[in-house]
Amino acid sequence: MTRIIAFESSADETSVAIVEDGHTVLSNSVATQINSHRRFGGIVPEVASRHHIEWITRVLDDALKQAALTPKDLDAVAVTYGPGLVGSLLVGLMGAKTFAMAHHLPIVPVNHLAGHIAAARFAGKVEYPAMALMVSGGHTELVLMREENDFKVIGETRDDAAGESYDKVGRLLEFPYPAGKIIDDLARKNQATVKFPTAMAHDDNYDFSFSGLKSAVINYVHNAQQRGENLNKGELAASFQNAVVDALLGRTKRALENYPVKTFILAGGVAANQQLRQTLTALLETFPETTFLPVPMQYTGDNAAMIGAAGYWNYQAGIFADLDLNTDPGLDFDLLSL
Amino acid sequence: MLQILMHDFSHSATLYAKIKIMKVLAFDTSNQPLTVTLAEDDQVKYIFTSNVARNHSIQLLSSIQAAMQHENWQFDELDRIVVAQGPGSFTGLRIGVTVAKVLANTIGTDLIGVSSLAILAQQVISHKIVVPLFNARNQNVFAGVYQNGINIKPDEHQSFANLCQWLKSNQQLDDLIFVGDTEPFNDSIQSEFPHAAVLTAEESLPDGKGIIALQKNILPVDDIDTFNPNYLRKTQAELNWLENHPGQDDPNHYVFEVK
């Protein structure tokens, strides 16, 4: 039995969790800064860093208390070292390294994106080869895992991330930040009336593009406003979300046809989107050899439990770091070389 | 002590508490220099200083561990963690304060914050008025005014011009010593205070001793959780927001734990 305490602070959530054997969450304390950044319509990095340091010891105490464990009961310290905002990452990284130093525990460096994918372990067992659709505010990519802890990107966004386009369209429609859940809720209650372009639908690859869709929505809204028309925000949200989901679905279908896998994972903040979960569930029914493993709702956003899950993969593979571990804000997976 | 013990056993615990040596770990990452100091009470046992432009995030913990190993100290023997709390580089302060908070929290020891400017002033051996300052860009400084170890003007973010004005209206002009990031302000200092002494940043590097001398007179913080860097400046985004939303600041509800 391996118990890992994990630290995550890459964006605007400060979190510490304790996870057993990579799949059982003993505690997961998350402090979210959402109300603060809502003032500015998005994350302000210096403000985020300041909040992290205000909360780091509180979530640490809380994680130990929830799990009713002491440092002596732990085997390793996992920590997100990238990708993310450098000032935010630093607080979790220094906190984790300090905790490890004080208690003579090994440090396990974790890629935040691997963390999102590893959160699928809280839903069930991952069989290899596996594939993940990783969709968040900063990333949109299809990741192939030929074996455990092997991540290769087969397709990624060439411009905006899917979650980023939600935030930008949300701002345009004057929804509070973050707009993802509001748009999803509205979209499912309304009919899509506008056919927005699904970018790169015919291109011969697995890449995504969302900036064209964003511009189309902006143009549509501006034209309507110039003509003095009343905007139906619900219909617009439904139309926009259909285009996003179509793009994600089309690429995923092609990837699954060309890379048969045993497990398909939906991960990242946008994995909380209900329409995306439903349409992917339907798609995966046409791939009977593949088990669909969407990350459980409560672990789709940033949290340290997922870092504990990915940390366990690294721990087993013998991937450790020293006290001089630094942040890597631009960390990403390698592309699959053909 | 032996005699006292023989005569009156009941006083020995009190006596022991008074003579118990306090093991102190202090560090300063508030600007480019890095210092790590170990002391017993105010007796410095070990100093590590570095002025290489290297990330404190890489260097601080291995420097602390090397210091502890050099003195053969264990973390659970420490009585006090002391950190330069600011002002200074926001990133540097967060690195030092995060380490100090988590270490004090997890080994259950006292935490003490010391002004980074007071540390610089402490190193100047003189009865004159000492003005430690850090460059805050756009002709602004983080600065305080000190004399004989006493803070006579609080550390503040201010324009250099306002600082000069205050010094001129309040102090004897001949008795000033400027320390810290003085280079960008050298011309102004020379013209405003021709008799002032000026130490450059290189000449006023934290030596690891000032922080030890200062900490002994400072009480530990009551609540480690609420201990934060003294940035002495709100972020620009918050300043702009506050200007447009007077009376709407609600700092207790900006961050909350997800249940």
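Please read all numbers here as calculations on a predicted model, not as lab measurements.

Each value, and the rule that gives it
Residues numbered from 1 in each chain as written. Chains lettered and ligands numbered in written order. Predicted model: local features only at pLDDT ≥ 70, side-chain atom pairs only at ≥ 80, totals over all residues. Heavy atoms only, no water. Helix = DSSP H or I, 4+ residues; strand = E, 2+ residues; numbered from the N terminus. Rg over C-alpha atoms; globule rule 2.2 N^0.38 Å. Buried < 20%, exposed > 50% of the residue type's maximum accessible area, 1.4 Å probe, protein only. Contact = heavy atoms within 4.5 Å. pLDDT = per-residue confidence, 0-100. Salt bridge = Lys/Arg side-chain N within 4 Å of Asp/Glu carboxyl O. Pairing = 2+ DSSP bridges. Axes fitted to C-alpha atoms, helices over the stretch in contact; angles between N-to-C directions. Core = buried A, V, L, I, M, F, W, Y, C linked by side-chain atoms within 4.5 Å. Domains from an automatic or database assignment. Buried area = accessible area lost by both parts, 1.4 Å probe. Polar contact = N/O pair within 3.5 Å; in protein donor to acceptor, adjacent residues only side chain to side chain. Nonpolar A, V, L, I, M, F, W, Y, C, P; charged D, E, K, R; others polar.

Attention now goes to the overall build of chain A. If you tally the helices and strands in chain A, you get 10 helices and 11 strands. Here the C-alpha radius of gyration of chain A, 20 Å, is about what a compact globule of 338 residues would show, namely 20 Å. Relative to its full complement of 338 residues, chain A shows a buried share of 62%. The long-range fraction of contacts in chain A, counting pairs at least 24 apart against all pairs at least 6 apart in sequence, stands at 75%.

Residues and elements named next belong to chain B. Per-residue pLDDT for chain B has a mean of 91; in total, 91% of the residues score no lower than 70. Across residues 1–13 the pLDDT falls below 50, and counting only partners more than four positions away or on other chains, this stretch makes 5 contacts in the model. Interface confidence in the predicted complex, given as ipTM, is 0.95; pTM for the same model is 0.94.

Here the focus is the pattern of salt bridges. Residue and element names in this part refer to chain A. Under the counting rule described, the total for this entry stands at 23 salt bridges over all chains. Ionic pairing is found between Glu 46 and Arg 50, a salt bridge with its closest N-O pair at 2.8 Å. Taken together, the positions of Glu 46 and Arg 50, both in helix H2 (residues 45–67) and 4 residues apart, correspond to about one turn of that helix. One salt bridge connects Asp 160 with Lys 168, and the closest N-O pair in it is separated by 3.5 Å. Taking the relative accessible area as the measure of exposure, Lys 168 reaches 29% and is therefore partly exposed. Each of the salt bridges in this network shares a partner with another, and the network as a whole consists of Asp 160, Glu 164, Lys 168 and Lys 214.

All names here are of chain A. Taken in spatial order, the 6 strands make up an open sheet running S10-S9-S6-S7-S8-S11, and their pairing is mixed. Single-partner strands in this sheet number two, and they are strand S10 (291–294) and strand S11 (334–335). By the bridge criterion, 6 bridges tie strand S6 (residues 130–135) to strand S7 (residues 140–145) in an arrangement that is antiparallel. For Val 135, the partnering residue across the bridge sits in S7 and is Thr 140. Strands in contact with helix H8 (residues 233–258) are S6, S7, strand S8 (152–156) and strand S9 (263–267); relative to S6, the strand with the most contacts, it is inclined by about 165°.

Attention shifts here to the nonpolar core. Core analysis: the largest hydrophobic core is formed by 65 residues, its most contacted members being Ile 5, Phe 7 and Phe 99 of chain A together with Leu 25, Phe 27, Ile 64 and Ile 81 of chain B. Apart from the residues lying within four places of it in its own chain, the contact partners of Ile 81 of chain B are Leu 25, Phe 27, Ala 100, Leu 103, Ala 104, Ile 107, Thr 109, Asp 110, Leu 111 and Ile 112 of chain B. Formed by 46 residues, the second largest nonpolar core is a distinct cluster that contains Val 169, Leu 173, Phe 210 and Phe 264 of chain A.

Tracing the backbone through its elements, the reader meets Gln 65 of chain B in helix H3 (residues 56–71). The partly exposed category is assigned to Gln 65 of chain B, whose relative accessible area is 26%. Along the backbone, Gln 65 of chain B and Phe 75 of chain B are 10 residues apart, and their C-alpha atoms lie at a distance of 9.3 Å. When residues no more than four places from it in sequence are discounted, the contact partners of Gln 65 of chain B are Met 101 and Leu 323 of chain A.

So, on to the sheet that holds strand S4 (residues 76–82) of chain A. What the 6 strands build is an open sheet, ordered S5(A)-S4(A)-S1(A)-S2(A)-S3(A)-S11(B); its pairing is mixed. Each of the sheet's edge strands pairs with one partner strand only, and the pair in question is strand S5 (107–111) of chain A together with strand S11 (256–257) of chain B. As paired elements, strand S2 (residues 13–20) of chain A and strand S3 (residues 24–32) of chain A share 8 bridges and run antiparallel to each other. Residue pairing across strands places Ser 15 of chain A opposite Val 30 of chain A, the latter belonging to S3 of chain A.

Let us now look at the side chain of Thr 2 of chain A. In this fold, Thr 2 of chain A is placed in the segment before strand S1 (3–8). Those residues in contact with Thr 2 of chain A that sit more than four places away from it in its chain are Val 19, Glu 20, Asp 21, Asp 75, Tyr 312 and Tyr 315 of chain A.

Another aspect to go through is the domain arrangement of chain B. Much of the literature gives interface size as the accessible area that the parts lose upon coming together. All names here are of chain B. Each domain of chain B was delimited in the assignment, giving domain 1 (23–116 + 206–224) and domain 2 (119–198). Here domain 1 and domain 2 have C-alpha centroids that lie 25 Å from each other. Across the interface of domain 1 and domain 2, roughly 1000 Å² is buried in total on both sides, 65% from carbon and sulfur atoms. Counting across the interface, domain 1 meets domain 2 through 0 salt bridges. Where domain 1 packs against domain 2, one counts 5 residue pairs in polar contact (both at pLDDT 80 or more). Within the residue set of the side of domain 1 that touches domain 2, elements represented by two or more residues are strand S4 (80–86), strand S5 (110–115) and helix H8 (210–215). Per-element tally for the side of domain 1 that touches domain 2: the top contributor is H8, with 4 residues. Across the side of domain 1 that touches domain 2, the residue classes tally to 8 nonpolar, 6 polar and 2 charged.

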